[in-house]
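# Examination of the molecular architecture
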Amino acid sequence: MNVKEFMLNDIVEMKKQHPCGTNAWKVIRMGADIRIKCEGCGHSVMIPRNQFAKKMKKVLLRTDS
(Lines give C-alpha, C1' and ligand atoms only; values in the text may rest on other atoms or scores of the structure.)
Protein backbone atom coordinates (compact mmCIF):
# COMPACT_ATOMS: atom_id res chain seq x y z
CA MET A 1 0.00 0.00 0.00
CA ASN A 2 1.38 3.38 -1.01
CA VAL A 3 1.20 5.86 1.88
CA LYS A 4 1.38 9.49 0.76
CA GLU A 5 2.99 11.81 3.26
CA PHE A 6 1.99 15.45 3.58
CA MET A 7 2.17 18.02 6.34
CA LEU A 8 0.45 21.24 7.33
CA ASN A 9 1.17 24.14 4.91
CA ASP A 10 2.46 21.85 2.14
CA ILE A 11 1.46 22.70 -1.44
CA VAL A 12 0.03 19.57 -3.06
CA GLU A 13 -1.05 18.71 -6.59
CA MET A 14 -4.45 17.10 -6.98
CA LYS A 15 -5.45 14.74 -9.81
CA LYS A 16 -8.26 16.94 -11.10
CA GLN A 17 -7.89 20.60 -11.95
CA HIS A 18 -9.93 23.26 -10.09
CA PRO A 19 -12.32 25.27 -12.32
CA CYS A 20 -10.10 28.36 -11.87
CA GLY A 21 -7.37 26.55 -13.84
CA THR A 22 -4.89 25.37 -11.21
CA ASN A 23 -4.44 22.06 -9.41
CA ALA A 24 -2.11 23.35 -6.66
CA TRP A 25 -3.63 23.38 -3.17
CA LYS A 26 -2.27 24.35 0.26
CA VAL A 27 -3.04 22.08 3.24
CA ILE A 28 -4.42 24.47 5.89
CA ARG A 29 -5.97 22.04 8.41
CA MET A 30 -5.31 18.41 9.30
CA GLY A 31 -7.32 15.95 11.32
CA ALA A 32 -9.89 13.33 10.41
CA ASP A 33 -10.78 15.77 7.61
CA ILE A 34 -8.28 17.75 5.55
CA ARG A 35 -8.97 21.37 4.61
CA ILE A 36 -7.20 22.56 1.48
CA LYS A 37 -7.11 26.02 -0.09
CA CYS A 38 -6.79 26.64 -3.83
CA GLU A 39 -3.62 28.55 -4.68
CA GLY A 40 -5.32 30.12 -7.70
CA CYS A 41 -8.55 31.61 -6.39
CA GLY A 42 -8.40 31.04 -2.60
CA HIS A 43 -11.44 28.71 -2.43
CA SER A 44 -11.17 26.23 0.45
CA VAL A 45 -12.59 22.71 0.62
CA MET A 46 -12.78 20.19 3.46
CA ILE A 47 -12.64 16.51 2.50
CA PRO A 48 -12.20 13.29 4.49
CA ARG A 49 -8.58 12.13 4.88
CA ASN A 50 -9.05 8.87 2.94
CA GLN A 51 -10.59 10.68 -0.05
CA PHE A 52 -7.82 13.28 0.05
CA ALA A 53 -5.16 10.53 -0.04
CA LYS A 54 -6.81 9.05 -3.15
CA LYS A 55 -7.14 12.39 -4.96
CA MET A 56 -3.69 13.78 -4.14
CA LYS A 57 -1.05 13.27 -6.82
CA LYS A 58 2.13 14.58 -5.16
CA VAL A 59 3.62 17.23 -2.89
CA LEU A 60 4.82 20.19 -4.94
CA LEU A 61 6.38 22.25 -2.14
CA ARG A 62 7.21 20.85 1.29
CA THR A 63 7.40 23.10 4.35
CA ASP A 64 10.20 22.83 6.90
CA SER A 65 7.97 23.10 9.98
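In the block above lies the structure referred to throughout.
Predicted, not measured: the structure shown is a model, and the values here were computed from it.

Analysis parameters
- Residues numbered from 1 in each chain as written.
- Predicted model: local features only at pLDDT ≥ 70, side-chain atom pairs only at ≥ 80, totals over all residues.
- Heavy atoms only, no water.
- Pairing = 2+ DSSP bridges.
- Helix = DSSP H or I, 4+ residues; strand = E, 2+ residues; numbered from the N terminus.
- Axes fitted to C-alpha atoms, helices over the stretch in contact; angles between N-to-C directions.
- Core = buried A, V, L, I, M, F, W, Y, C linked by side-chain atoms within 4.5 Å.
- Buried < 20%, exposed > 50% of the residue type's maximum accessible area, 1.4 Å probe, protein only.
- Contact = heavy atoms within 4.5 Å.
- Polar contact = N/O pair within 3.5 Å; in protein donor to acceptor, adjacent residues only side chain to side chain.
- Phe/Tyr/Trp six-rings, centres within 6.5 Å; stacked < 30°, edge-to-face > 60°.

### With respect to the sheet that holds strand 4 (residues 44–48)
The sheet built from five strands is open, its strands ordered 4-3-2-1-5 with antiparallel pairing. On the outer flanks of this sheet lie strand 4 and strand 5 (56–61), each paired with one strand and no other. Along the sheet, successive strands turn relative to each other by an average axial angle of 40 degrees, direction set aside.

### Observations concerning the pairing of strand 4
With five bridges joining them, strand 3 (residues 33–38) and strand 4 adopt antiparallel strand pairing. Following the sheet pairing, R35 is matched in strand 4 by M46. Hairpin connection between strand 3 and strand 4: a loop of five residues separates the two successive antiparallel strands, and G42 in this loop has a positive phi of roughly 90 degrees.

### Considerations on the nonpolar core
Nonpolar side chains in soluble globular proteins generally cluster together in the buried interior. Counting residues in hydrophobic clusters, the biggest one holds 11 residues: F6, V12, M14, W25, V27, I34, I36, C38, I47, F52 and M56. Of all the secondary structure elements, the ones that give two or more residues to this core are strand 1 (11–14), strand 2 (24–29) and strand 3. In terms of residue count, strand 3 provides more of this core than any other element does, three residues in total. Once you skip the residues sitting within four places of it in the chain, V12 turns out to touch F6, N23, A24, W25, V27, F52, M56, K58, V59 and L60.

### Comments concerning the side chain of D10
Residue placement: D10 occurs in the segment before strand 1. The class for D10 is buried, based on a relative accessible area of 0%. A distance of 3.2 Å separates the side chain of D10 from the side chain of R62, its partner in a polar contact. In this structure, D10 is in contact with W25, K26, V27, V59, L61, R62 and T63, ignoring residues within four places of it in sequence.

### Describing the packing of aromatic side chains
Remark: the centre distance and the inter-plane angle together describe each pair of aromatic rings, the angle taken between the planes. Taken as a whole, this structure holds one aromatic pair when the rule is applied. For the pair F6 and F52, a centre-to-centre distance of 4.8 Å together with 70 degrees between the ring planes defines the contact as edge-to-face. Of the two residues, F6 sits in the segment before strand 1 while F52 sits in helix 1 (residues 49–55), which places them 46 residues apart along the sequence.

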